[in-house]
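Here are the chains, one letter per residue:
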Amino acid sequence: MASALSHLASGAVFGHIARFHPELTAFRRDLHAHPEIGFEEVRTAARVVEALKLTRVDEVHAGIARTGVVAVIRGRSTASGRSIALRADMDALQMREENEFAWRSGKVGLMHSCGHDGHTTMLVGAARYLAETRRFDGTAYLIFQPGEEGFAGAKAMIDEGLFDRFPAQAVYAMHNWPHLPVGQVGVCPGPMMAAADRIEITVTGKGGHGAHPHLAVDPVLVSAHIITAVQSLVARNVSAFDNAVVSICAVQGGDIGSMSVIPRQARLVGTVRTFRPQVQEMIEERLARLVESVALGFGANASLDYQRVYPATVNSEAEAEFAARVAASLLGPEQVKRDLQPSMGAEDFSFMLQVKPGAYLRIGQGRDASDPGCFLHSGRYDFNDDILPLGSALFASLVEQAMPVNPGGT
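These remarks concern the structure in this document. (Residues numbered from 1 in each chain as written. Predicted model: local features only at pLDDT ≥ 70, side-chain atom pairs only at ≥ 80, totals over all residues. Heavy atoms only, no water.)

What about the nonpolar core?
- In this structure, Leu86, Leu142, Phe144 and Tyr172 are the most contacted members of the largest nonpolar core, which totals 97 residues.
- Of the residues forming this core, the biggest block, nine residues, is contributed by helix H9 (residues 317–331).
- With residues up to four places along the chain from it excluded, the contact list for Leu142 reads Val69, Val70, Ala71, Ile73, Leu86, Leu123 and Ala127.
- Counting 25 residues, the second largest nonpolar core, distinct from the first, contains Val230, Leu233, Met282 and Ile283. (Core = buried A, V, L, I, M, F, W, Y, C linked by side-chain atoms within 4.5 Å. Buried < 20%, exposed > 50% of the residue type's maximum accessible area, 1.4 Å probe, protein only. Helix = DSSP H or I, 4+ residues; strand = E, 2+ residues; numbered from the N terminus. Contact = heavy atoms within 4.5 Å.)

Remarks on the side chain of Asp137
- Among the structural elements, Asp137 can be located in the loop between helix H4 (116–133) and strand E4 (139–145).
- Here Asp137 is buried and forms no salt bridge, its nearest opposite-charge partner Arg82 lying at an N-O distance of 4.2 Å.
- For Asp137, the side chain forms a polar contact with the side chain of Ser77, separated by 3.5 Å.
- A distance of 3.2 Å separates a polar side-chain atom of Asp137 from the backbone nitrogen of Ala79.
- Asp137 has contacts with Ser77, Thr78, Ala79, Ser80, Arg82, Met403, Pro404 and Val405, leaving out every residue within four places of it along the chain. (Lys, Arg positive; Asp, Glu negative; His and termini not counted. Salt bridge = Lys/Arg side-chain N within 4 Å of Asp/Glu carboxyl O. Polar contact = N/O pair within 3.5 Å; in protein donor to acceptor, adjacent residues only side chain to side chain.)

Description of helix H7 (residues 219–237)
- For H7, with 19 residues, the first-to-last C-alpha span of 26 Å sits near the 27 Å given by 1.5 Å per residue.
- Taken residue by residue, H7 has Pro219, Val222, Ser223, Ile226, Val230 and Leu233 as its buried positions. Buried residues of H7 fall within an arc of 95° about the axis and therefore sit on the same side. Looking at H7, the residues exposed on the side facing more than 90 degrees away from the buried face are Thr228 and Arg236.
- With a side-chain oxygen positioned 2.9 Å from the backbone nitrogen of Val220, the residue opening H7 is Asp218. (Expected span 1.5 Å × (residues − 1). Arc of directions from axis to C-beta.)

Description of the layout of surface pockets
- The volume enclosed by the largest pocket comes to roughly 460 Å³.
- Lining the largest pocket are 26 residues, and of these Glu149, Arg273, Gly345, Ala346 and His377 sit closest to its centre.
- When residues of the lining of the largest pocket are traced back to their parent elements, those giving at least two are strand E5 (171–181), strand E8 (195–204), strand E12 (265–274), strand E13 (301–310) and strand E16 (358–366).
- For the lining of the largest pocket, the leading source of residues is E12, giving four residues.
- Across the lining of the largest pocket, the residue classes break down as twelve nonpolar, seven polar and seven charged.
- Split by domain, the lining of the largest pocket shows at least three residues from each of two domains, domain 1 (12–193 + 312–403) and domain 2 (195–310).
- Volume-wise, the second largest pocket comes out at about 230 Å³.
- As for the second largest pocket, its lining consists of Phe20, Glu23, Leu24, Phe27, Arg47, Glu50, Ala51, Leu54, Thr55, Val124 and Arg128.
- Secondary-structure elements contributing two or more residues to the lining of the second largest pocket are helix H2 (21–33), helix H3 (42–55) and H4.
- Looking at the lining of the second largest pocket residue by residue, the classes come out as six nonpolar, one polar and four charged. (1 Å grid on protein atoms, 1.4 Å probe; cavity = no way out; pocket = protein on both sides within 12 Å on 5 of 7 lines; lining within 4 Å. Points joined across faces, edges and corners; volume = space filled by probe spheres on them. Nonpolar A, V, L, I, M, F, W, Y, C, P; charged D, E, K, R; others polar. Domains from an automatic or database assignment.)

Structure, rendered in structure tokens:
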């Protein structure tokens with residue numbers, strides 16, 4: 001409960017929000033029990049709209065990029081002309097939940113295994129606090145985004161005029177992080193998460209009998225050599241001062257029931273993760289040449305389909321420093337990790353940071369140093385409800401401290 005954080009978090013914002021911690025917990029668990037995937041968050045969006053109207057925000061706009069929602073909250077004054085946006089993702093993943101608690105997923109094959117139910121709830125909590133207190137001078141835009149898990153919902157909202165309709169000067173988001181303990185926040189300027197690219201390699205040979213391989217051109221053998229050669233791309237092409245990952249994660253070739261049939265074709269699917277565009281471009285170019293050349297050496301043909309899915313999530317320096325100061329004001333400077341190691345995972349908040357300055361934060365939810373809880377995308381994962389008031393307070397404090405009320409005003 002919130003009392004578990006009372007020795008870490010302090011201030012009027014946290015104290016105010018802690019009073020409705022039980023309601024936030026119930027809301028979060030309801031979302032967890034009813035997961036929905038990208039662009040199908042119909043019930044989730046309806047629950048968010050209902051909650052926002054109850055908090056009496058100034059405006060609620062639904063149906064942006066199909067299921068996205070934006071709330072508008074104006075401060076005691078808007079004379080400053082300032083505005084910031086806060087973003088939470090709403091979608092779940094297509095995977096089976098293995099938990100047994102009462103609020104486990106009620107939909108087979110769908111699960112909130114990344115904590116988006118918690119992110120949404122924290123932003124709802126911030127909306128309630130900001131609408132009740134309005135201790136800021138400016139306009140806050142609260143973005144409830146669909147389709148983060150591979151659907152590029154952030155880009156879809158931007159393409160539908162998100163920042164034209166809601167012209168925030170900066171945008172912030174946060175994600176729970178099981179490997180940080182409760183009461184800690186991590187943020188740093190520059191890269192926070194990598195660009196995510198999808199690669200598919202198609203190898204075409206000549207089918208034949210497994211007993212007479214000399215009469216065939218075996219695409220499975222060629223694929224094995226490509227997989228091995230790909231491992232040299234990072235080791236021998238990327239500077240030790242840069243980071244990159246190339247992983248072949250799936251191989252499909254032939255029929256598992258046919259032990260003696262050499263197939264005509266095989267497919268490899270994987271991902272490339274990078275932080276810098278120059279490294280990304282180099283890997284794409286050299287991977288294409290490598291794939292073609294290795295196949296040619298065996299008398300086969302191979303082609304590369306390289307798809308850039310999400311760009312790198314890169315915090316702007318001023319906004320990252322500001323977010324760190326805000327977190328320190330709530331938790332103390334010793335609880336803020338300003339040198340958090342970037343993750344090779346990816347996030348579509350990156351699209352928002354390409355058009356607006358802002359910062360992406362990690363909020364710790366590990367229960368203690370020895371028990372971080374299940375990691376993201378695990379069938380046993382669950383969001384830690386203890387941090388709901390802290391996340392809401394952090395969201396709300398970003399608004400209050402970015403747009404402070406004039407001390408001489410009302």
